[in-house]
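Structural description and commentary
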Amino acid sequence: MSTTVPVKAQMSGAKKQTPEFVQLLDPDGKRLSDELYDPWVSDVTGDQLASLYEDLIIVRRIDTEATALQRQGELGLWPPLFGQEAAQVGSARTLRPDDFVFSSYRENAVAYCRGVKLPDLLRVWRGTASSGWDPFEVGMATPAVIIGAQTLHATGYAVGCTFDGVDSVSVAYFGDGATSEGDVNEAMVFAASFNAPVIFFCQNNQWAISEPVGLQAQRPIADRAPGFGIPSIRVDGNDVLAVMAATRSALDRARTGGGPTFIEAVTYRRGPHTTSDDPSRYVDPLVAKEWEARDPIARVEAFLRSEGVLTDELAASIQARADEVAAEFRAGCLALENPEPLSVFDNVYATEHSGLARQKSQYKAYLEGFDK
Amino acid sequence: MTELTLAKALGSGLRRALSDDDKVVLLGEDIGTLGGVFRVTDGLQRDFGKDRVIDTPLAEAGIIGMAVGLAFRGYRPVCEIQFDGFIYPGFDQIVAQVAKLHYRTAGKVRMPLTIRVPYGGGIGAVEHHSESPEAYFAHTAGLRVVTCSTPQDAHSMLREAIASDDPVLFFEPKRRYWTKGEVDEDATALPMGKARVVTEGTDVTLVTYGPLVATALDAAVAAADDGISIEVVDLRSLSPVDFDTVSASVRKTGRLVITHEAAESGGIGAEIAATLTDRCFYYLEAAPVRITGFDVPYPAAKLEDHFLPDLDRILDGVDRALGRVNSLTGWSA
């Protein structure tokens, strides 16, 4: 059964959440009420939530397929987002096309939501290009691999938006590990000083490769931002609805001249750091089991079923759709062509550089020697 | 034509750039109300406003990183790094982001940043205020690196740097900030990528740039008294290097001396020597000679005269290139 009625909180038995940790869907799929954040998602209908559910299923399916492609030797590396689907989808789906995202390398679900074409997600990981897409086509910069560097770019972009008199917002995605980097702290100083319309969206996935978040922060990460003069929200990053509510409130602040917001989305990296990593060396299986019980997809599924929105039939069709996307994703990967050898010299500069022109000319002559 | 100090010529270049293109914005520490610690940006915030001439928090990575974001938004930022030795906190943003973004994005994202750096010694300063870090940046693909030696070049090269669609590290010889010279804002300038033969000669090619161009010219005058004819080449651009101009000179003189303040090992002089040996091997009458700062951290002010190449050390190098008696005659390792 489908519904266009907004997803209302169940008042009976609903627990009042403190603003310190925003949760609207608990791990069992129970809708909790929250005075502050309910209004931000009061328009979300059952169908819309089902659409978010479909996104979650698809991005998990893509992620699984990419890991398989890496294991089969088709990708050099892949950074799985397994477990972080709600944090990424819930935030990215609230953005407008004219907003701009500056992310790190694990935000493939964000990229998917921004409209990045499937094969473009894989160019970097297959090694056919240094980045996958045109940032200006999708409103998302190509990922920064240097941890935290992009938070400053987001801040500068946001300041540019205020200069231009537009209400576009930039969003910086980064992880708990990045919060120890100087760049992230400098970005918060600059954003506060210039009242920049930027959202610092921190996915605290509990791990920076093998280092637990406790090595980066002795208090909740969200507690840092107020010290910079930036309001912060700590949200259940595995709750797509709560993430959406938190992001919408931050977007509204940014668009109306209220400046930056810091969102800590508390989530869990259920997979390895990358396909080169071996989490069995540092992850306690019991803790991983606890997080499995807080999975971002299961709770939406439970809620939608309890509401009668998700039927077996719909679930099967969503799964079929995800499989189709995965097949397209795989085919797109295998169709990526290797770059031409001399393109190694292209685009280092916007205008010709005589030193590089000489190297290119000499290497071209060298390569042509093989044809003689 | 007006007579300006090199610092004022830079300021007039910035003023023209701000007037000509409303996407040009200046960012830096103390560049607004104060006008910069060297007063290069004097009066610009007053005339163009706080959104065009931006005093930033004290964080070099922040300044560069914010400029990257502004460039994404279509702006043409000009960053001032207060002193050479303060650039290292911004090094990551420069070499890992600014230099690589155009390449990384297959040309989709341009980084038309200009990063101004007062550099070099000779002003009796404390640590971190007298360094010559240009080689780090000349070694980095994706950056253009230039340095001026006259007020006219300061003005016109800075405007060209700002108009460039590539990121430019613009090194300003701080001890020459007060050197005066004629500046014609509308002069047809020699492109910033070209070297200039400053004074012609026939016996030795003396290659230098930035603060040592004036010293090299003094050396040429002094050598002439001994009947030695020095051709001084001001490189102006360190990436790319205009090897055609340097080669033409060396083919004429057969001898090459390179001088810079920066340390010897891995420096610009090493690159010049290697490339000119390659290009002019059969024209060279002697091995190229480098007269540079030593491979030591920049020393205390009372020692800097022993660190910096001066007229006498340059002339000693010229003697070495000519096979005349010199300080190393009879010396062996």
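Definitions and limits used
- Residues numbered from 1 in each chain as written.
- Chains lettered and ligands numbered in written order.
- Predicted model: local features only at pLDDT ≥ 70, side-chain atom pairs only at ≥ 80, totals over all residues.
- Heavy atoms only, no water.
- UniProt positions renumbered as here; feature names shortened; annotations may be inferred.
- Helix = DSSP H or I, 4+ residues; strand = E, 2+ residues; numbered from the N terminus.
- Buried < 20%, exposed > 50% of the residue type's maximum accessible area, 1.4 Å probe, protein only.
- Contact = heavy atoms within 4.5 Å.
- Areas by Shrake-Rupley, 256 points an atom, 1.4 Å probe, with all protein chains shown as cover.
- Lys, Arg positive; Asp, Glu negative; His and termini not counted.
- Charge placed at Lys NZ, Arg CZ, Asp CG, Glu CD.
- Core = buried A, V, L, I, M, F, W, Y, C linked by side-chain atoms within 4.5 Å.
- Buried area = accessible area lost by both parts, 1.4 Å probe.
- Salt bridge = Lys/Arg side-chain N within 4 Å of Asp/Glu carboxyl O.
- Polar contact = N/O pair within 3.5 Å; in protein donor to acceptor, adjacent residues only side chain to side chain.
- Nonpolar A, V, L, I, M, F, W, Y, C, P; charged D, E, K, R; others polar.
- Domains from an automatic or database assignment.
- Axes fitted to C-alpha atoms, helices over the stretch in contact; angles between N-to-C directions.
- Parallel < 35°, antiparallel > 145°, perpendicular 65-115°, else oblique.
- Left-handed = near helix turned anticlockwise from the far one by under 90°.
- Patch = residues over 30% accessible without salt bridge, like charges linked within 9 Å, V, L, I, M, F, W, Y side chains within 5 Å.

Chain B is annotated in an unreviewed UniProt entry as Pyruvate dehydrogenase E1 component beta subunit of Salinibacterium amurskyense. Quoted straight from UniProt, the Cofactor (unreviewed entry) entry for chain B says "thiamine diphosphate".

Under an unreviewed UniProt entry, the name given to chain A is Pyruvate dehydrogenase E1 component alpha subunit, and the organism recorded is Salinibacterium amurskyense. Looking at the Cofactor (unreviewed entry) heading of the UniProt record, one finds this comment for chain A: "thiamine diphosphate".

1. Points about the overall build of chain A
Secondary structure assignment for chain A yields 13 helices and seven strands. Dimensions of chain A, computed from the C-alpha atoms along their principal axes, are close to 80 × 50 × 40 Å. The burial tally for chain A puts 53% of its 372 residues in the buried class. Excluding contacts between residues fewer than 6 apart, the proportion of contacts in chain A whose partners are at least 24 apart in sequence is 74%. Surface exposure of chain A reaches about 15300 Å², of which carbon and sulfur atoms provide 52%. Of the side chains in chain A, 34 bear a positive and 51 a negative charge, and the two mean positions are spaced by 2 Å.

2. Regarding the nonpolar core
Counting 77 residues, the largest nonpolar core has Phe-200 and Phe-262 of chain A together with Phe-72, Met-111, Leu-169, Leu-235 and Ile-272 of chain B as its most contacted members. A total of nine residues in this core trace back to one element, the largest contributor, which is helix H3 (residues 60–72) of chain B. Apart from the residues lying within four places of it in its own chain, the contact partners of Phe-262 of chain A are Phe-174, Met-188, Phe-200, Cys-202, Ile-221, Ala-222, Ala-225, Ile-230, Pro-231, Ser-232 and Ile-233 of chain A. Ranked by size, the runner-up nonpolar core spans 72 residues in total, among them Val-41, Val-59, Ala-265 and Ala-322 of chain A.

3. Notes on the interface of chain A and chain B
When the parts come together, some accessible area is lost, and that loss is often what is quoted as the size of the interface. Taken together, the 40 residues of chain A in the interface contact 43 residues of chain B. Carbon and sulfur atoms supply 61% of the area that chain A and chain B bury against each other, a total of about 3400 Å² over both sides. Between the two partners, chain A and chain B, sit two salt bridges. For the salt bridge of Lys-23 of chain B with Asp-164 of chain A, the shortest nitrogen-to-oxygen distance reads 3.6 Å. For the pair chain A and chain B, the number of links is 19 residue pairs in polar contact (both at pLDDT 80 or more). Going through the elements one at a time, strand E1 (100–102), helix H5 (135–138), helix H6 (149–164), helix H7 (182–193) and helix H13 (354–368) of chain A are the ones with two or more residues in the side of chain A that touches chain B. Looking at the side of chain A that touches chain B element by element, the count peaks at ten residues for H6 of chain A. Looking at the side of chain A that touches chain B, its residues break down into 21 nonpolar, twelve polar and seven charged.

4. Considering the UniProt feature "domain: Dehydrogenase E1 component" (unreviewed entry) in chain A
Cross-referencing UniProt, the feature "domain: Dehydrogenase E1 component" (unreviewed entry) maps to residues 57–324 of chain A in the present numbering. Within residues 57–324 of chain A, the helical portion is 44% and the strand portion 12%, while the C-alpha atoms at the span's ends are 12 Å from each other.

5. With respect to the domain arrangement of chain A
Partitioning chain A into structural domains gives domain 1 (38–335) and domain 2 (341–371). Relative placement of domain 1 of chain A and domain 2 of chain A: their C-alpha centres are 38 Å apart.

6. With respect to unusual backbone geometry
Going from Ser-239 of chain B to Pro-240 of chain B, the amide bond is cis rather than trans, its omega being 0°. Tracing the chain through its elements places Pro-240 of chain B in the loop between strand E12 (237–239) and helix H9 (243–253). For Asn-195 of chain A, which is not glycine, the phi torsion reads 50° and is therefore positive. A positive phi angle, near 65°, is found at Asn-347 of chain A, a position not held by glycine. Inspection of the secondary structure puts Asn-347 of chain A in the loop between helix H12 (312–335) and H13.

7. So, the environment of Ile-228 of chain B
Residues and elements named next belong to chain B. Counting through the fold element by element, Ile-228 comes out in the loop between helix H8 (212–225) and strand E11 (230–234). Note on Ile-228: relative accessible area 7%, which makes it buried. Sequence separation between Ile-228 and Asp-203 is 25 residues; the distance between their C-alpha atoms is 6.4 Å. Setting aside residues up to four positions removed in sequence, Ile-228 forms contacts with Asp-203, Ala-223, Val-318, Asp-319, Leu-322 and Arg-324.

8. Re the packing of helix H1 (residues 46–71) of chain A against H12 of chain A
Residues and elements named next belong to chain A. Following both chains from N to C, one finds H1 and H12 inclined at 40°, their axes separated by 9 Å at the closest point. As judged from the angle between their axes, H1 and H12 are oblique. Pair H1 / H12 crosses with right-handed handedness. Residues Ala-50, Tyr-53, Glu-54, Ile-57, Ile-58, Arg-61, Ile-62, Glu-65, Ala-66, Ala-68 and Leu-69 of H1 lie in contact with H12, whose contacting residues are Ile-318, Gln-319, Arg-321, Ala-322, Asp-323, Val-325, Ala-326, Phe-329, Arg-330 and Cys-333. Classifying every residue of the contact of H1 with H12 by side-chain character gives 14 nonpolar, one polar and six charged.

9. A look at a nonpolar patch on the surface
Taken together, the side chains of Tyr-363, Tyr-366 and Phe-370 of chain A define a hydrophobic patch exposed on the protein surface, amounting to about 360 Å² of accessible area. Position of Phe-370 of chain A among the secondary structure elements: in the segment after H13.

10. Notes on the pattern of salt bridges
Under the definition given, this model contains 48 salt bridges over all chains. Between Glu-292 of chain A and Lys-289 of chain A there is a salt bridge, and its shortest N-O distance comes to 3.7 Å. With Glu-292 of chain A and Lys-289 of chain A both in helix H10 (residues 285–292) and three residues apart, the pair spans about one turn of that helix. Judged by its relative accessible area of 37%, Glu-292 of chain A is partly exposed. We classify Lys-289 of chain A as exposed; its relative accessible area is 54%. Across the pair Lys-252 of chain B and Glu-231 of chain B runs a salt bridge, and its minimum N-O distance is 2.5 Å. Remark: Glu-231 of chain B occurs in strand E11 and Lys-252 of chain B occurs in helix H9; sequence separation between them is 21 residues. What makes Lys-252 of chain B partly exposed here is its relative accessible area of 43%. With relative accessibility at 2%, the residue Glu-231 of chain B sits in the buried group. Sharing partners across several salt bridges, the network here consists of Arg-60, Glu-85, Arg-270, Lys-289, Glu-292 and Asp-295 of chain A.

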